[in-house]
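# Overview (structure and organization)
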Amino acid sequence: MQCPKCRGNMRTYERNGVHIEQCDNCRGIFLDYGELETLTRMETQYHAAPPPPPAPGPAWGAPHGGYHHGHHRQRSWVGMLFST
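Residues numbered from 1 in each chain as written. Predicted model: local features only at pLDDT ≥ 70, side-chain atom pairs only at ≥ 80, totals over all residues. Heavy atoms only, no water.

By the naming in an unreviewed UniProt entry, the protein chain is Transcription factor zinc-finger domain-containing protein, taken from Nonomuraea coxensis DSM 45129.

## A few points about the pairing of strand β1 (residues 10-15)
In terms of strand pairing, β1 meets strand β2 (residues 18-23) through six bridges, oriented antiparallel. Each bridged residue has a counterpart across the sheet, and for R15 the counterpart in β2 is V18. In textbook terms, the turn of a hairpin is the stretch between consecutive antiparallel strands, and for β1 and β2 this stretch comprises two residues, one of which, N16, has a positive phi near 55°. (Pairing = 2+ DSSP bridges. Helix = DSSP H or I, 4+ residues; strand = E, 2+ residues; numbered from the N terminus.)

## Here's the deal with the UniProt feature "domain: Transcription factor zinc-finger" (unreviewed entry) in the protein chain
Mapped onto the present numbering, the UniProt feature "domain: Transcription factor zinc-finger" (unreviewed entry) falls on residues 2-40. In the segment residues 2-40, helix accounts for 15% and strand for 38%; the C-alpha atoms at its two ends are 26 Å apart. (UniProt positions renumbered as here; feature names shortened; annotations may be inferred.)

## Observations concerning the sheet that holds strand β3 (residues 29-31)
Read across the sheet, three strands follow the order β1-β2-β3 without closing on themselves; strand pairing throughout is antiparallel. Two strands lie at the open edges of the sheet, namely β1 and β3, each paired on one side alone. If you compare each strand with its neighbour and ignore which way they point, the axes differ by 30° on average. Where helix α1 (residues 35-48) meets the sheet, its contacts fall on β2 and β3, and the angle it forms with β2 comes to roughly 110°. (Axes fitted to C-alpha atoms, helices over the stretch in contact; angles between N-to-C directions. Contact = heavy atoms within 4.5 Å.)

## What to know about unusual backbone geometry
Not every positive phi belongs to a glycine, and R7 is a case in point at roughly 70°. For R7, the position within the fold is in the segment before β1. For R7, a relative accessible area of 56% corresponds to the exposed category. A positive phi angle, close to 55°, is found at N16, a residue other than glycine. Among the structural elements, N16 can be located in the loop between β1 and β2. (Buried < 20%, exposed > 50% of the residue type's maximum accessible area, 1.4 Å probe, protein only.)

## Overview of the pairing of β2
For β2, the buried fraction is high: five of the six residues fall into the buried class. Taken together, the three bridges between β2 and β3 define a ladder with antiparallel strand orientation. Following the sheet pairing, E21 is matched in β3 by F30.

## Looking at the pattern of salt bridges
In the structure shown here, the tally under the stated rule is one salt bridge. R11 is the partner of D24 in a salt bridge, and the nearest nitrogen-oxygen pair spans 3.3 Å. Of this pair, D24 sits in the loop between β2 and β3 while R11 sits in strand β1, and the two are 13 residues apart along the sequence. Its relative accessible area of 43% is what places R11 among the partly exposed residues. (Salt bridge = Lys/Arg side-chain N within 4 Å of Asp/Glu carboxyl O.)

Right under this line is the structure:
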């Protein structure tokens, strides 16, 4: 399939049941009918979900292992789509 913008080669990615076409040349993203609505609904559900409870930390005064490197929620569905 060719990119409708620059005629580059299109690559298809499947993320959460949605097929997304991206141009290898201009990096444009193209969606089929209804896929934008599906992604918008998924983003709304993603942001509406309550954050996970914090992990229990060490008691005050107890030695700790340095900095806490926890996982953070991504801010948008775009990061979620192309994360591995």
